[in-house]
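# Breakdown of the fold
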Amino acid sequence: TLNSGSHDFLELIPDAGDNDAGGIRWGPKANANPNLYPYAEGIDVRGDRLYFISKTTQRLFIVDLVNMRYTRSSTKSGAFNNQPDQLGYILNDPNKILYFCEDGGSDCGVHGRDSDGKFFSILDGTGYNTETTGIAFSSDHNFMYLSFQFPGVIWQFWREDGKAFTDDILQIKYHEDVVVI
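The structure displayed is predicted, hence computed values, not measured ones.

### Re the side chain of Thr-166
Examined against the element boundaries, Thr-166 turns out to sit in the segment after β13 (153-157). Beyond its immediate chain neighbours, meaning those up to four positions away, Thr-166 contacts Ile-90, Asp-93, Pro-94, Asn-95 and His-141.

Following this line, the structure appears as structure tokens:
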């Protein structure tokens with residue numbers, strides 16, 4: 001345990017009449033408003049941006065840590081059958097894809113969001129009545145690893161064309177369709 005240190009809590013300050021964008025500040029717990037981001041999970045940082053998911057509201061939050069602003073968007077569009085969960089990304093990926101695991105249900109998978117805000121499916125876990133967790137990538141970006149939480153099976157995936165996950169992406173099927181890798 002730490003013998004010293006400090007911590008602050010996230011406060012979202014929505015723009016007038018709009019909970020989907022606003023300012024942020026860090027401060028005491030009394031000012032925090034987690035009711036705007038309940039059941040937050042999958043926290044990750046990429047550059048100056050903090051990303052996290054609110055499972056129950058099915059929202060992706062992007063917090064600009066330099067300009068102290070946030071935006072949130074729905075993850076209900078596209079191929080999510082259930083709720084988004086943990087996040088993952090590949091450093092220096094020219095495609096700038098944010099990967100999402102999925103929580104609960106009969107065919108949870110892994111989905112992506114590109115830099116244009118479009119959602120698509122990477123894989124569906126048909127036959128596994130559980131969530132996908134722990135997404136990670138090999139150092140050469142040729143392999144993606146994840147677990148199906150129950151029965152605790154860890155998988156290794158690769159692209160059928162032999163390319164890295166950071167290589168060109170062709171024939172992406174957005175929304176309800178599935179990308180074959």
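### Remarks on the pairing of strand β3 (residues 40-46)
Strand direction decides the pairing type here: β3 and strand β4 (residues 49-54), joined by five bridges, are antiparallel. When the sheet's bridge partners are listed, Glu-41 is paired in β4 with Ile-53. In this structure, the hairpin formed by β3 and β4 is closed by a connection of two residues, where Gly-47 is found at a positive phi of approximately 65°.

### Looking at the nonpolar core
Across soluble globular proteins, nonpolar side chains have a tendency to be buried as a group. One finds Tyr-99, Val-110, Leu-123 and Met-144 to be the most contacted residues of the largest nonpolar core, which totals 15 residues. Apart from the residues within four sequence positions on either side, Tyr-99 is in contact with Gln-86, Leu-87, Gly-88, Tyr-89, Ile-90, Val-110, His-111, Gly-112, Ile-122, Ile-135, Phe-137 and Phe-165. The next biggest cluster of nonpolar side chains, apart from the first, holds ten residues, and it includes Tyr-37, Leu-50, Val-63 and Tyr-70.

### Let's talk about the pairing of strand β1 (residues 9-15)
Across a regular strand the side chains alternate sides, sitting on one face of the sheet and then on the other. When β1 meets strand β2 (residues 18-27), the two strands line up antiparallel, connected through seven bridges. Considered in β2, the bridge of Glu-11 is made with Arg-25. As consecutive antiparallel partners, β1 and β2 are separated by two residues, and within that stretch Gly-17 has a phi angle of approximately 70°, a positive value.

### Some words on the sheet that holds strand β6 (residues 69-74)
Ordered in space as β1-β2-β6-β5-β4-β3, the six strands form an open sheet in which the pairing is antiparallel. In this open sheet, the two edge strands, each paired with only one partner strand, are β1 and β3. For this sheet, the mean angle separating the axes of adjacent strands, direction not counted, is 25°.

### A word on the packing of aromatic side chains
Throughout the structure, instances matching the rule amount to eight aromatic pairs. Judged by centre distance (6.3 Å) and plane angle (35°), the rings of Phe-61 and Tyr-70 are tilted. Across the pair, exposure class does not vary: Phe-61 and Tyr-70 are buried alike. With 6.3 Å between their ring centres and 70° between their planes, Phe-143 and Trp-158 make a pair best called edge-to-face. With Phe-143 in the loop between β11 (132-137) and β12 (144-148) and Trp-158 in the segment after β13, this residue pair connects regions lying 15 residues apart in the sequence.

### Digging into the pattern of salt bridges
With the rule as written, the count across this model stands at five salt bridges. Salt-bridge contacts for Glu-11 lead to Arg-25; the nearest nitrogen and oxygen are separated by 2.8 Å. Placement of Glu-11 in strand β1 and of Arg-25 in strand β2 is noted, with a sequence separation of 14 residues between them. Assessed through its relative accessible area of 44%, Arg-25 is described here as partly exposed. Between Arg-69 and Asp-15 there is a salt bridge, with the nearest N and O atoms lying 2.9 Å from each other. Residue Arg-69 is found in strand β6, and its partner Asp-15 is found in strand β1; the two are separated by 54 residues along the sequence.

Cut-offs used in this document
Residues numbered from 1 in each chain as written. Predicted model: local features only at pLDDT ≥ 70, side-chain atom pairs only at ≥ 80, totals over all residues. Heavy atoms only, no water. Helix = DSSP H or I, 4+ residues; strand = E, 2+ residues; numbered from the N terminus. Contact = heavy atoms within 4.5 Å. Pairing = 2+ DSSP bridges. Core = buried A, V, L, I, M, F, W, Y, C linked by side-chain atoms within 4.5 Å. Buried < 20%, exposed > 50% of the residue type's maximum accessible area, 1.4 Å probe, protein only. Axes fitted to C-alpha atoms, helices over the stretch in contact; angles between N-to-C directions. Phe/Tyr/Trp six-rings, centres within 6.5 Å; stacked < 30°, edge-to-face > 60°. Salt bridge = Lys/Arg side-chain N within 4 Å of Asp/Glu carboxyl O.

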